[in-house]
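# Structural description and commentary
Take a look at the letters that make up each chain.
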Amino acid sequence: MKRGFVKGLLASALCAVSTFAAAQDIKLWQVSSGQLELDKGWLTAMSGVGTKIKVPVAMYVIQHPRGLLLFDTGNNVAVSDGQCANYWGQGLCGAFNAMQTRDEVIDRQLAKLGFKPEDVTHVIYSHFHLDHAGNIKLFPKAKHVVQKEELRAAWWPEKFQRAAYVMKDYDTTRDYDFLQLNGDFDLFGDGSIVVLDTKGHTQGHQSLQVKLKNTGMLLLAADAIYTAENEAGVIPGITWNTNLSMQSIDRLKQIRDANRGQIWYSHDSKQYGEHNHDKPYD
Ligand SMILES: [Zn+2]
């Protein structure tokens, strides 16, 4: 009887350890797909309109015991080295001037960390806008993790939204291996990598919650929160649904506060500059 009880205790302790072990082995790098030069009003509605600013384009490489993951893939390789207008066209490059060198594209960022594109098992997309899903075609063998609603929006965008969806980024990917989600999803069932529904910026926008042993909980907001100003209450520019955008900002803040975590923004120069980019967070 007593023995059984001890055995049970041991088993549950081991179980807890193995769940924890997965979290221990995760490494996360934040890198940038060059910079975008844009009107500040695109990020903060009615604030700073007319002021041109340069912002990073955050992407993440995550090494997990069950795979090598990307969260977002940056601007398409074809806009590198001053070729923006040749691929995005004059109008888009006037609004979002992509300043990206070839070495800043996700495949070269992976190489700098010792990985090849073929090593990537999962590509998670916050959404399908041009600075986030630009390089899906570099990963034809991976599993692509995206909200089903986002795929529908990307393939048949509303007219007012269509400029930021560059269909030639993904026009031949219909038969890729998509994990089509409807809301939150715990990717490996261990609580370490959890997709969070943060719709509002687009119909199927999602953020990523990552639990790291030493760093704690990171909430990779992507375009749910472009910059610290949006977190402080300035309505984001470019939204599909402003009310849902504001709800998603609140949602991320509530999860951050409950877990003593951090929110990392997609396009905030100051915060990006404060982070480490050559060594991983763990
Ligand atoms: Zn963006």
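Residues numbered from 1 in each chain as written. Predicted model: local features only at pLDDT ≥ 70, side-chain atom pairs only at ≥ 80, totals over all residues.

### Quick word on the overall build of the chain
Selection criterion: Segments assigned H or I by DSSP are reported as helices when at least four residues long, segments assigned E as strands when at least two residues long, and all are numbered from the N terminus. Based on C-alpha atoms, the radius of gyration is set beside the globule rule, defined as 2.2 Å times the residue count to the power 0.38. The exposure scheme places C-beta atoms from the backbone and then counts, for each residue, the other C-beta atoms within 10 Å of its own, assigning buried at 20 or more, exposed at 12 or fewer, and partly exposed in between. Two residues qualify as being in contact provided that their C-beta atoms, derived from the backbone, are within 7 Å of each other.
Secondary structure assignment for the chain yields eight helices and 12 strands. Its C-alpha radius of gyration of 19 Å places the chain within 12% of the 19 Å reference for a compact globule of 282 residues. Summarising its shape, the C-alpha atoms of the chain cover approximately 75 × 40 × 35 Å along the three principal directions. Sorting the 282 residues of the chain into buried and exposed places 44% on the buried side. Look at the contacts in the chain between residues 6 or more apart in sequence, and 67% of them connect residues 24 or more apart.

### Overview of the pairing of strand β6 (residues 143-147)
The condition that has to hold: When DSSP finds at least two bridges between two strands, those strands are taken to pair. By definition, the crossover connecting two strands over a helix is right-handed if that path, from the first strand to the second, turns clockwise as seen with the strands pointing away from the viewer.
Of all five residues in β6, four are buried; the element is thus mostly enclosed. Pairing analysis gives five bridges linking β6 to strand β7 (residues 177-181), with the strands arranged parallel. Following the sheet pairing, V145 is matched in β7 by L179. Taking the sense of rotation as the criterion, the β-α-β connection linking β6, helix α5 (residues 148-155) and β7 turns out right-handed.

### Concerning the sheet that holds strand β10 (residues 206-212)
What counts, and what does not: Throughout, an axis means a line fitted to C-alpha atoms (over the contacting stretch in the case of helices), and angles, computed between N-to-C directions, take values from 0 to 180 degrees.
The mixed open sheet is built from five strands, whose spatial order is β8-β9-β10-β11-β12. Each edge of the open sheet carries a strand with a single partner, namely β8 (185-186) and β12 (262-265). In this sheet, β12 lies alongside strand β11 (residues 216-222) in parallel orientation, the contact comprising four bridges. Within the sheet, the bridge partner assigned to L218 lies in β12 and is Q262. In this fold helix α7 (residues 242-259) packs onto β10, β11 and β12, with an angle of close to 170° to the strand it touches most, β11.

### A few points about the sheet that holds strand β4 (residues 96-99)
Here we have seven strands laid out as an open sheet, ordered β4-β1-β2-β3-β5-β6-β7, and mixed in their pairing. Where the open sheet ends on each side, the last strands, each with one partner, are β4 and β7. Recorded for the sheet is a direction-independent mean angle of 25° between the axes of neighbouring strands. This element, α5, spans β6 and β7 of the sheet and lies at about 90° to β6.

### Remarks on the confidence of the model for the chain
Should the pLDDT be low somewhere, the predicted coordinates at that spot are not to be read in detail. Threshold: Confidence of the predictor in every single residue is expressed as pLDDT, which spans 0 to 100.
The share of residues in the chain with pLDDT of 70 or more is 91%, and the mean pLDDT across the chain is 93. Confidence, read as mean pLDDT per element, is least for helix α1 (residues 2-24) in the chain (51) and greatest for strand β5 (residues 122-124) (99).

### Here we look at the nonpolar core
Buried together is how nonpolar side chains tend to be arranged in soluble globular proteins. To be explicit about the condition: Connectivity within a nonpolar core runs through C-beta atoms within 7 Å, and the core itself is a set of buried Ala, Val, Leu, Ile, Met, Phe, Trp, Tyr and Cys residues.
In this structure, Y60, L70, F71, V123, I124, L220 and A221 are the most contacted members of the largest nonpolar core, which totals 70 residues. Ranked by residues supplied to this core, first place goes to strand β2 (residues 52-64) with seven residues. Sequence-distant contacts of F71, defined by excluding residues within four places in its chain, comprise M59, Y60, I62, I124, L208 and L220.

### With respect to the pairing of β4
Covered by surrounding structure in β4 are F96 and A98 only, the residues N97 and M99 on the alternate face being uncovered. Across four bridges, the pairing between strand β1 (residues 27-39) and β4 is antiparallel. Bridge pairing in β4 places E37 opposite N97.

### A short note on α7
Keep this limit in mind: Expected span of a helix: the number of residues minus one, times 1.5 Å. What the arc describes is the spread of directions from the helix axis to the C-beta atoms.
End to end, α7 covers 26 Å across 18 residues, agreeing with the expected 26 Å (1.5 Å per residue, within 8%). Taken as a whole, α7 has its buried residues at L244, S245, S248, I249 and L252. Along the axis of α7, the buried residues cluster in a sector spanning 145°; they form a single face. Along α7, exposed side chains directed more than 90 degrees from the buried face belong to N243, D250, Q254, D257 and A258. Of the surrounding elements, those touching the buried residues of α7 are β10, β11, α6 (228-231) and β12.

### A look at α5
Taken as a whole, α5 has its buried residues at E149, E150, L151, A153 and A154. Of the surrounding secondary structure, the elements contacted by the buried residues of α5 are β6 and β7.

### Structural notes on the environment of V57
By the secondary structure assignment, V57 is in strand β2. For the pair V57 and H144, spaced 87 residues apart in the sequence, the C-alpha separation amounts to 20 Å. If we skip the residues at most four places from it in the chain, V57 touches S32, S33, G34, Q35, L36, G74, N75, D131 and H267.

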